[in-house]
Amino acid sequence: MSEKTWLGHPRGLATLFFTEMWERFTYYGMRAILVFFLAAAATEVNPGLGLTREEAGAIYGLYTGAVYLFSLPGGWIADRLIGSRRAVFWGGLFIAAGNFALAIPGPAALFFVGLAIIVVGVGLLKPNVSALVGTLYEGNADARRDAGFSIFYMGINLGAAIAPFVVGTIGENWSWRLGFGAAGVFMLGGVIQYRLTEHYLGSGGLAPAGTPEQRRAGWRLLAIAAAALLAVVAVLASGLVPVGPSDLAKMAGVAMAAVAIGFFGYMLLFADLTRVERGRVAVIAILFLSSATFWAGFEQAATSLNLFAQDYTDRALLGSWFPSGEHPASWYQAANPVYIILFAPFFAALWVRLGRRNLDPSAPAKFGLALIQMGLGFIVIMFAAQLCVTSGAKVAPTWLLLTYLLHTTGELCLAPVGMSNVTRLAPPRYVGQLMGTWFLGLAVGNLAAGLIGGHVGGSDIKDMPDQFLSVALLGLGVGGLMLLISKPVKKLMALPSAPDAK
């Protein structure tokens, strides 16, 4: 391992920081304009695909849900077949290639192929770049490791904050296709810097686990799975089975829910668990449900809330700088990562201070607080929509910014504790599988956000306040329930180990 340092940490942290920063730049930049492009008329000066908002929302949900789902096989491919280092490299190349495919004017089928390539790329890169950060701190104290991950986390949010101002500005004012292409260029730059500075990572993530025979068996399994997936895609693309985007998204949602019910049902009823372990798995199931509900509201930032910014938010500020006379609606997608950068240190210090006084809320209570804040965010935007209805005019950006602030403070109550508690509560022999439920919850939430967001405001502005209120009541209701049951759930988490207690 090289002795060079960066900000007092291993030099390899800079390699991974900038790789992840540009990957998140690419993801959040493309995400900021995806629904706009899908719903833009094909006859406009800056043409889109001309889909309905319901179809656009469904495609967004399918795409983002697939991104999180593919993190599971992406991690498996790295662990068993190619190692984390090569997974990150090839993942970055796939992401860049996918964005370049999106940039090519052509049939809708080519665009969807580009999305599929990006899904594979993010699935390979996202879980494995974080794993490589961990290899830099083997043998180091937990505090040093935590500090390194905190710096890495800033890279994620820095990329996400910059992206809407670059990709969104290009996409909305000149060309959606050029916006996608710009995202690909920055990702390609990230891959090049990764390759040029990869030697600072030492030997971490080079070799996959297992014997050559096991790797050959793994490649055969991967080939069979890929062939089966391609066959399903070919059947759907051929039109032999007439399924629209909304129907396909609903089918995917049912399948994900069935997987979750089947898995937790097996774990609770049939797995060889002690009473203590069964109680902790039940806690993980509860956290899964509340997490999926939170993300179903939160991820409407790219669907219903993004469309509200486009149609009903006064964007005259700096409008003279742009051909449309308004600043880009996608700029508001930067609010969440900017808030994260500003408030994450405050929340981290708050939990530490409360912990010293034995006042730190339990994980279920934090999830409840997160859901309530998500619900309150939709109460704010509900009033904004009602103001649009009564006045017939657009509303100030402060409504949307306040909504995003509440959603971000909710995220800071939920996201940092979610994965930590799953790894802490899971029986050691099931950690990997139960960690998969965290990604499955993200996938379900993103898919639901696309389906719900595609309906909000799609027909009449007069329906929008009630639609936002429905989401608010869901968040407030589930959040209130989590607070009510937080004490008994906390007891299940705190039970001492008892291997013989069945």
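Coordinates for the structure precede this section.
Residues numbered from 1 in each chain as written. Predicted model: local features only at pLDDT ≥ 70, side-chain atom pairs only at ≥ 80, totals over all residues. Heavy atoms only, no water.

## Some remarks on the overall build of the protein chain
Right, so step 1: When helices and strands are counted, the protein chain shows 15 helices and two strands.
Right, so step 2: Its C-alpha atoms give the protein chain a radius of gyration of 23 Å, near enough to 23 Å, the size a compact globule of 502 residues would have.
Right, so step 3: Principal-axis analysis of the C-alpha atoms places the extent of the protein chain at approximately 65 × 55 × 50 Å.
Right, so step 4: Across the protein chain, contacts joining residues at least 24 apart in sequence account for 81% of those joining residues at least 6 apart. (Helix = DSSP H or I, 4+ residues; strand = E, 2+ residues; numbered from the N terminus. Rg over C-alpha atoms; globule rule 2.2 N^0.38 Å. Contact = heavy atoms within 4.5 Å.)

## So, the pattern of salt bridges
Right, so step 1: Tallying each qualifying case throughout the model produces nine salt bridges.
Right, so step 2: D311 is paired through a salt bridge with R53; the nearest N and O atoms lie 2.3 Å apart. Taken together, the residues span a long stretch of sequence, with D311 in helix α10 (residues 304-312) and R53 in helix α2 (residues 53-69) at a distance of 258 residues.
Right, so step 3: Residue E198 pairs with R195 through a salt bridge whose shortest N-O separation is 3.4 Å. (Salt bridge = Lys/Arg side-chain N within 4 Å of Asp/Glu carboxyl O.)

## Focus on the packing of helix α8 (residues 245-269) against helix α14 (residues 431-455)
Right, so step 1: α14 packs onto α8 with a crossing angle of 155° between their chain directions and a minimal axis gap of 10 Å. On the basis of their axis angle, the class for α8 and α14 is roughly antiparallel. Our pair here, α8 against α14, has a crossing hand that is left-handed. Between α8 and α14, the contacting residues are S246, A249, K250, A252, G253, M256, V259, A260, F263, F264 and M267 on the first element and Q433, L434, T437, L440, A443, V444, L447 and L451 on the second. (Axes fitted to C-alpha atoms, helices over the stretch in contact; angles between N-to-C directions. Parallel < 35°, antiparallel > 145°, perpendicular 65-115°, else oblique. Left-handed = near helix turned anticlockwise from the far one by under 90°.)

## Some details on the nonpolar core
Right, so step 1: Judged by nonpolar contacts, the single largest core of 124 residues is most densely connected at L16, Y63, F111, F308, L434 and F468.
Right, so step 2: Membership of the second largest hydrophobic core comes to six residues, among which are A78, L81, I82 and L124. (Core = buried A, V, L, I, M, F, W, Y, C linked by side-chain atoms within 4.5 Å. Buried < 20%, exposed > 50% of the residue type's maximum accessible area, 1.4 Å probe, protein only.)

## Comments concerning the packing of α8 against helix α9 (residues 275-298)
Right, so step 1: Relative orientation of the contacting elements α8 and α9 amounts to 165°, with a least axis distance of 9 Å. As summarised for this structure, α8 and α9 are arranged roughly antiparallel, according to the angle between their axes. α8 and α9 meet at a crossing whose hand is left-handed. Here α8 contributes A260, F264, M267 and L268 to the contact with α9, which in turn contributes R278, V281, A282, I284, A285 and F288.
Right, so step 2: Here the residues of the contact of α8 with α9 sort into nine nonpolar, no polar and one charged. (Nonpolar A, V, L, I, M, F, W, Y, C, P; charged D, E, K, R; others polar.)

## Structural notes on the side chain of N128
Right, so step 1: In this fold, N128 is placed in helix α4 (residues 108-135).
Right, so step 2: For N128, the side chain forms a polar contact with the main-chain oxygen of L124, separated by 2.6 Å.
Right, so step 3: Sequence-distant contacts of N128, that is, excluding residues within four places in its chain, are made with G74, G75, A78, S84, A87 and V88. (Polar contact = N/O pair within 3.5 Å; in protein donor to acceptor, adjacent residues only side chain to side chain.)

## Observations regarding a nonpolar patch on the surface
Right, so step 1: On the surface, F100, V185, F186, L188, I192 and L196 cluster together to form a nonpolar patch covering roughly 520 Å² of accessible area.
Right, so step 2: Among the elements that line the nonpolar patch, the one with the most residues is helix α6 (residues 176-197), at five residues.
Right, so step 3: Assignment of secondary structure puts F186 in helix α6. (Patch = residues over 30% accessible without salt bridge, like charges linked within 9 Å, V, L, I, M, F, W, Y side chains within 5 Å. Areas by Shrake-Rupley, 256 points an atom, 1.4 Å probe, with all protein chains shown as cover.)

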